[in-house]
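Fold and contact review
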Amino acid sequence: MSARPTPIIMDCDPGHDDALAILLAAANPAVELLAITTVAGNQTMEKCTLNARRICSVAGITDVPIASGASEPLLGSLHIGEYVHGASGLDGPAWGEPTVPVSAEHAVDLMARLLAEHPEPVTLVPTGPLTNVALLLKTRPELMGKIGEIVLMGGSTERGNDTPYAEFNMKVDPEAADIVFRSGLHVTMVGLNVTHQALAVPEVIERLGGLGTRMGDLCVELLTFFSASYLRTWGFTSPPLHDAVAVARVIDPTLVECIPAPVAIETMGRYTSGATCVDLHHLTGEPDNALVGMKLDAPKFWDLMLEAVASYE
Ligand code: BDR
Ligand code: CA
C-alpha cells in the first residue's frame with residue numbers, strides 16, 4: 001500500500017451495501033473520499049440521495065460533498081431494487097432527519113470539477129448503475145486522463161441476480177455499462193462471483209453487535225433487513241456485502257485477486273440484457289479490457305470492515 005491515500009469518488013445508489021461501503025471508504029486511511037455522488041438504482045435518485053445523507057449524518061461524515069445525478073438510465077425506464085432494499089432503499093433502522101446537505105451541483109459536474117482540480121488521477125468507485133459515469137465520459141472526454149482507474153461493483157463471471165443472466169447494476173443501465181467497459185480506461189470489475197464470497201455470516205453480525213456502539217448496532221439493523229431480503233429472494237442464509245468489496249479492492253488490492261479478461265455487455269439480448277460476457281478463456285480473440293475479480297480474502301475483508309465500523313461512535 002502506498003503511503004499517500006488514493007483519492008476516490010464513490011458513485012452509488014444507497015442501498016444497504018452501498019451504505020456500509022461509504023462507512024468503509026470514509027474511515028479507512030488508505031483512501032481519501034473526495035465526494036459521494038448518487039444515481040438512481042436501488043431506489044429513485046431522490047431516495048438514494050436522502051439515504052447517502054442519512055448514513056453520512058449518522059456517521060458524522062460532514063466533510064464529503066454529496067451530489068445527486070441521473071434519475072433515469074440512458075435508455076428506457078428505471079427499474080428499482082425495492083425487492084431487496086425496501087421502500088426507502090435503506091429499510092431497517094428508524095432514520096431521523098439528515099443533517100448533512102446535498103450539493104447544488106449535479107453529480108456529473110461535481111465529478112468533473114474534482115477530476116479537473118485534483119493534482120493526481122482520481123479513482124472512481126461506482127457501486128450502482130453506471131449512468132453518471134457514462135455521462136461523465138461522454139460529456140467530458142478531456143477528463144478521461146484524470147481518471148486513474150474505475151473499480152466498480154457489477155456484473156458476474158457466472159449468472160445474474162436481477163435476471164438469470166444479469167447482475168442488477170448492469171441490468172438497470174446496460175448502455176451505460178457498455179460505454180464504461182469500452183472506454184479504454186483501466187476498469188476493474190468486482191462482480192457477484194467475488195462479492196458472494198463476502199457473506200455477513202452470524203459471526204460477523206455478532207462482531208458488529210459486540211462493538212457496543214450506535215454504529216455497530218445500526219449496521220446490525222441494516223444487515224438484518226438485508227439478510228431477510230436475501231433469504232426470501234435467493235435463498236441465501238447470509239447476505240453478501242457487494243459494494244464494500246469494491247472499496248476494499250482499492251484500499252488493499254491484495255484482498256481481491258483479479259485476472260485480465262475481455263468483458264462485453266449484452267445490450268440487445270431479449271432475455272440477457274445487462275449480462276456481462278466475461279471471456280475467461282480468451283475464446284473471442286477480443287483484447288482484455290478489464291481486470292476481473294475472482295477471489296476474495298474474506299477474513300481480511302471482514303477485519304477491514306469491522307475496523308472501519310469500530311471507528312464510528
Ligand atoms: C448490486 O445491486 C444492488 O442491490 C447492490 O447495492 C449492489 O450494488 C448487487 O447486484
Ligand atoms: Ca449499490
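Anything mentioned here points back to the structure above.
I will try to describe carefully the structure that is included in this document. (Residues numbered from 1 in each chain as written. Chains lettered and ligands numbered in written order. Predicted model: local features only at pLDDT ≥ 70, side-chain atom pairs only at ≥ 80, totals over all residues. Heavy atoms only, no water.)

Remarks on the coordination of the calcium ion (ligand 2)
For the record, the criterion: In this analysis a donor is any N, O or S atom within 2.8 Å of a metal ion (3.2 Å for sodium, potassium and calcium), and since water is not included, sites may seem incomplete. What counts as a helix is a DSSP run of H or I of at least four residues, what counts as a strand is a run of E of at least two, and both are numbered from the N terminus. Only protein chains enter the accessibility calculation, which uses a 1.4 Å probe. A residue is then buried if its area is under 20% of the maximum for its type, exposed if over 50%, and partly exposed in between.
Here the calcium ion (ligand 2) is held by the protein donor atoms Asp13 (OD), Asp18 (OD), Asp18 (OD), Thr127 (O) and Asp243 (OD), which lie 2.2 to 2.6 Å from it. One chain supplies every donor for the calcium ion (ligand 2), spaced along it as D-x4-D-x108-T-x115-D. You can see Asp13 sitting in the loop between β1 (6–12) and α1 (16–27) and its partner Asp243 sitting in helix α11 (residues 242–251), a full 230 residues away along the chain. Asp243 gets classed as buried once you look at its relative accessible area, which sits at 2%.

Quick word on the sheet that holds strand β7 (residues 256–261)
Formally: In this scheme, strands are said to pair when DSSP sees at least two bridges between them. Where helices are involved, their axes are fitted lines through C-alpha atoms of the stretch in contact, as for all axes, and angles between N-to-C directions lie from 0 to 180°.
Pairing in this open sheet of 8 strands is mixed, and the strands run β3-β2-β1-β4-β5-β6-β10-β7 from one edge to the other. Because the sheet does not close on itself, it has two edges, and the strands there are β3 (66–68) and β7. Going from strand to strand, the sheet's axes swing by 25 degrees on average, the running direction of each strand aside. Examined bridge by bridge, strand β2 (residues 31–38) and β3 share 3 bridges and lie parallel to one another.

Some remarks on the packing of aromatic side chains
Here is the rule we go by: In summary, the pairing rule links any two rings of Phe, Tyr or Trp, Trp by its six-membered ring, whose centres are within 6.5 Å, and it sorts them by plane angle into stacked for under 30 degrees, edge-to-face for over 60 and tilted for everything else. The criterion is that NZ of a Lys, or CZ of an Arg, lies within 6 Å of the ring centre and within 35 degrees of the ring normal, and then a charge sits over that ring.
For the structure on display, the rule yields 5 aromatic pairs. Between Phe226 and Tyr230, the aromatic rings sit 5.1 Å apart at their centres with planes inclined by 70 degrees, giving edge-to-face as the arrangement. Taken together, the residues span about one helical turn, with Phe226 and Tyr230 both in helix α10 (residues 214–234) at a distance of 4 residues. Accessibility classification places Phe226 together with Tyr230 in one group, the buried group. For the pair Tyr230 and Trp234, a centre-to-centre distance of 4.5 Å together with 35 degrees between the ring planes defines the contact as tilted. Linking Tyr230 with Trp234, this pair stays in helix α10, spanning 4 residues, or about one helical turn. In this structure, Arg159 is placed above the aromatic ring of Tyr165, and the distance from its NZ or CZ to the ring centre is 4.6 Å.

Looking at the layout of surface pockets
The condition is simple: Only protein atoms enter the 1 Å grid, on which a cavity is a set of points fitting a 1.4 Å probe that cannot get out and a pocket is an open set with protein on both sides within 12 Å along at least 5 of 7 lines, lining residues being those with an atom within 4 Å of a point. Grid points are joined across faces, edges and corners, and a volume is the space filled by probe spheres set on the points. In this classification, Asp, Glu, Lys and Arg are treated as charged, Ala, Val, Leu, Ile, Met, Phe, Trp, Tyr, Cys and Pro as nonpolar, and every other residue, Gly included, as polar.
Here the largest pocket is characterised by a volume of approximately 260 Å³. Residue lining of the largest pocket: 13 residues in total, with Pro262, Val263, Ala264, Glu286 and Asn289 positioned closest to the centre. Those elements that place two or more of their residues in the lining of the largest pocket are α7 (174–181) and β8 (263–265). Here the lining of the largest pocket gets 3 residues from one element, more than from any other, and that element is β8. Residues of the lining of the largest pocket, tallied by class, amount to 7 nonpolar, 2 polar and 4 charged.

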